[in-house]
Amino acid sequence: MSNSRTPFVDRFGPDAADIEIDSDAPAIFGQLAARGSVRKFRSDPVPYPTLRRLCALALSAPTKSDLQQRDIIIVDEPSLKSEITAPLTEGPLGQKWLADVPTLLVFCGNNRRQRRIHTLRAVPFANDHLDAFFNAAVDAGVALSAFVIAAEAEGLGVCPVSAVRNHADTLSRLLKLPDHVFPVAGLAVGYPAETPRISMRLPLSMTVHRNAFEEDGLDTAIEAYDRRREAAQPYAAQRYVREFGRAESYGWSEDKARQYAHPERADFGAYVKRIGFKLD
Ligand SMILES: Cc1cc2nc3c(=O)[nH]c(=O)nc-3n(C[C@H](O)[C@H](O)[C@H](O)COP(=O)(O)O)c2cc1C
């Protein structure tokens with residue numbers, strides 16, 4: 001059994017050097033190890049039967065208590081797709097690449113069917129609290145992840161898009177989402193026109209725990225990760241330079257701190273309550 005060089009060291013740093021993928025390991029291992037989001041696509045759309053097959057694979061993923069509280073909306077009608085994506089491309093922080101996405105999917109949490117079942121069976125619904133929202137959101141996330149893996153195995157490029165929730169009310173109206181059905185994330189799907197790079201991650205020593213959570217050495221690990229990333233994959237631009245100045249050394253932690261120095265989708269909780277959820 002021979003081993004092929006894996007991208008784990010590039011991804012996670014030196015503490016992943018001992019992890020190997022044997023040459024006879026399942027092909028999916030190599031695919032996942034080297035995967036990356038794609039934001040540049042050929043213009044031809046992905047055929048509907050292909051998307052439907054991928055949805056079937058995605059919805060074969062586990063679902064909490066077999067409740068099946070997630071749905072996928074395929075948006076391949078060009079004018080509807082533009083209505084959704086155009087506002088997300090505008091302004092200095094706009095995501096211009098979304099203008100050329102061939103197909104957009106929206107993964108939704110759906111707690112509505114469960115509530116309907118209670119009406120149909122004349123049995124009271126006793127779970128009108130945070131878990132109703134949370135379980136549906138997780139179910140949608142699990143399906144999204146399975147779709148990503150299946151689509152990348154098919155040779156497609158994908159990138160999740162939480163920005164579709166920037167205007168949740170508008171998106172709900174455009175997609176005709178009823179109460180208790182909500183967007184979790186979009187997913188841009190198309191034939192890739194770029195080879196994605198391997199995006200670097202925090203070391204496994206910080207993100208994989210054995211038997212108990214621990215964060216000894218966190219600050220040092222973040223500092224090392226910042227420097228490793230800055231050397232190999234420096235950020236093309238710094239965020240909010242006018243507010244925070246131009247940092248001489250700009251790593252992941254500086255970028256994420258600056259990102260979350262401004263509210264993102266602070267109105268989402270109000271939207272979720274408006275469509276009928278209780279979050280206590
Ligand atoms: C739930 C979710 C939402 C995301 N939303 C966006 C988005 O709005 N725009 C974007 O360009 N990338 C988005 N991404 C992609 C992440 O930026 C990307 O996964 C991360 O930078 C790591 O890169 P990689 O996927 O190439 O490994 C999202 C990813 C997830 C999981």
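Thresholds, definitions, all that
- Every chain is numbered independently, its residues counted from 1 as its sequence is written.
- The model is predicted, so local features are restricted to residues of pLDDT at least 70 and side-chain atom pairs to those at 80 or more, both for listing and for counting; the totals for chains, interfaces and linings are taken over all residues.
- Secondary structure elements are taken from DSSP: a helix is a run of H or I of four residues or more, a strand is a run of E of two residues or more, and numbering for both begins at the N terminus.
- A residue is called partly exposed when the number of other C-beta atoms within 10 Å of its own lies between 12 and 20, exposed at 12 or fewer, and buried at 20 or more, with C-beta atoms placed from the backbone.
- A residue pair is marked as a contact if its C-beta atoms, positioned from the backbone, fall within 7 Å.
- Between any two strands, pairing holds if DSSP finds at least two bridges.
- Fitting a line to C-alpha atoms yields each axis, with helices limited to the stretch in contact; the angle taken between N-to-C directions then spans 0 to 180 degrees.
- The source of the domain bounds is an automatic or database domain assignment.
- Each residue gets a C-beta atom placed from its backbone. If that atom is within 6 Å of a molecule or strand, the residue is near it.
- When residues are grouped by polarity, Ala, Val, Leu, Ile, Met, Phe, Trp, Tyr, Cys and Pro land in nonpolar, Asp, Glu, Lys and Arg in charged, and all others, Gly among them, in polar.
- A set of buried Ala, Val, Leu, Ile, Met, Phe, Trp, Tyr and Cys residues, joined to one another through C-beta atoms within 7 Å, is what we call a nonpolar core.
- Under this scheme an angle from 65 to 115 degrees is roughly perpendicular, one under 35 degrees roughly parallel, and one over 145 degrees roughly antiparallel; angles in between are oblique.
- By definition, turning the near helix anticlockwise from the far helix through less than a right angle yields a left-handed crossing, and turning it clockwise yields a right-handed one.
- Here, expected helix span is obtained from the residue count minus one, scaled by 1.5 Å.

J.: Summarise the overall build of the chain; cite the residues concerned and give the values.
T.: A tally of helices and strands in the chain yields twelve helices and six strands. Counting only C-alpha atoms and orienting by the principal axes, one finds that the chain spans roughly 60 × 55 × 45 Å. Going through the 280 residues of the chain one by one, you find that 26% of them count as buried. For the chain, restricting intrachain contacts to residue pairs at least 6 apart in sequence, the fraction spanning at least 24 positions comes to 74%.

J.: Can you tell me about the sheet that holds strand S5 (residues 157–161), naming the residues and giving the values?
T.: Pairing in this open sheet of four strands is antiparallel, and the strands run S3-S4-S6-S5 from one edge to the other. Both outer strands of the open sheet, strand S3 (70–75) and S5, are each paired with one neighbouring strand and no more. Averaged over all pairs of adjacent strands, the angle between their axes in this sheet comes to 25 degrees, without regard to strand direction. Pairing of S5 with strand S6 (residues 181–190) involves five bridges; the strand directions are antiparallel. Across the sheet, valine 161 pairs through a bridge with glycine 186, a residue of S6.

J.: Just give me the short version of unusual backbone geometry, but keep the residues and values in it.
T.: In the Ramachandran plot, histidine 180 falls in the positive-phi region, its phi being about 70 degrees despite a non-glycine side chain. Note that histidine 180 resides in the loop between helix H7 (168–174) and S6. On the neighbour-count criterion, histidine 180 (21 C-beta atoms within 10 Å) is buried. The backbone of asparagine 211 sits at a positive phi, close to 75 degrees, despite the residue not being glycine.

J.: Lay out the domain arrangement of the chain in plain terms, naming residues and giving numbers.
T.: You can read the domains of the chain as domain 1 (48–196) and domain 2 (217–265). On a C-alpha basis, the centroid separation for the pair domain 1 and domain 2 is 29 Å.

J.: Describe in detail helix H5 (residues 112–121), supporting the description with residues and values.
T.: The element H5 is largely exposed, with a buried count of one among its ten residues. At the C-terminal side of H5, alanine 122 shows a positive phi close to 55 degrees.

J.: Provide a residue-level description of the site of the ligand, including the pertinent values.
T.: The immediate surroundings of the ligand are formed by Gly36, Ser37, Arg39, Gln95, Cys159, Pro160, Val161, Ser162, Ala163, Ala185, Pro196 and Ser199. It is S5 that provides the largest number of residues to the shell around the ligand, a total of three residues. Class assignment of the residues belonging to the shell around the ligand gives a composition of six nonpolar, five polar and one charged.

J.: Mind laying out the nonpolar core, listing which residues take part and the relevant values?
T.: In terms of nonpolar packing, the biggest core is built from 45 residues, with Phe107, Phe147, Val158, Leu187 and Ala188 touching the most fellow members. Of all the elements in the fold, those that place two or more residues in this core are helix H3 (48–58), S3, helix H4 (78–89), strand S4 (103–110), helix H6 (130–153), S5, H7 and S6. Looking at which element gives the most residues to this core, the answer is H6, with eleven residues. In contact with phenylalanine 107, not counting residues within four places along its chain, are Arg70, Ile72, Ala140, Ala143, Leu144, Val184, Ala185 and Leu187.

J.: Before we move on, can you summarise the environment of phenylalanine 133 with the specific residues and values?
T.: Within the fold, phenylalanine 133 resides in helix H6. Sequence-distant contacts of phenylalanine 133, defined by excluding residues within four places in its chain, comprise Asn111, Val272, Phe277 and Leu279.

J.: Can you lay out the packing of H3 against H6 for me, pointing to particular residues and giving the numbers?
T.: The geometry of H3 relative to H6 is characterised by a closest axis approach of 8 Å and an angle of 130 degrees between their N-to-C directions. Judged by the angle between their axes, H3 and H6 are oblique. Taken as a pair, H3 and H6 cross one another with a handedness that is right-handed. Contacts between H3 and H6 involve Leu54, Leu57 and Ala58 from the first element and Ala143, Ala146, Phe147, Ala150 and Ala151 from the second. Partitioned by chemical class, the residues of the contact of H3 with H6 number eight nonpolar, no polar and no charged.

J.: How would you explain the pairing of S4 if you had to name every residue and give the values?
T.: Within S4, eight of the eight residues are buried, which leaves it mostly tucked inside the rest of the structure. Of the two faces of S4, the one lined by Thr103, Leu105, Phe107 and Gly109 and the one lined by Leu104, Val106, Cys108 and Asn110 are each fully buried. As paired elements, S3 and S4 share six bridges and run antiparallel to each other. Residue pairing in the sheet places isoleucine 72 in a bridge with phenylalanine 107 of S4.

J.: Tell me about H6, and please be specific about residues and values.
T.: Compared with the 34 Å implied by 1.5 Å per residue over 24 residues, the 35 Å span of H6 between its first and last C-alpha is a close match. Following H6 by one or two positions, glycine 155 has its phi on the positive side, about 90 degrees.

J.: Requested: an account of the environment of histidine 167, with residues and values cited.
T.: Relative to the elements of secondary structure, histidine 167 occurs in the loop between S5 and H7. Considering only alpha carbons, one finds histidine 167 and aspartate 267, 100 residues apart in sequence, at a separation of 9.1 Å.

J.: A description of the environment of leucine 144 should follow, citing residues and the corresponding values.
T.: Within the secondary structure, leucine 144 is located in helix H6. Judged by the 22 C-beta atoms lying within 10 Å of it, leucine 144 is buried. Each C-alpha atom of the pair leucine 144 and valine 184 lies 9.2 Å from the other, and the pair is 40 residues apart in sequence.

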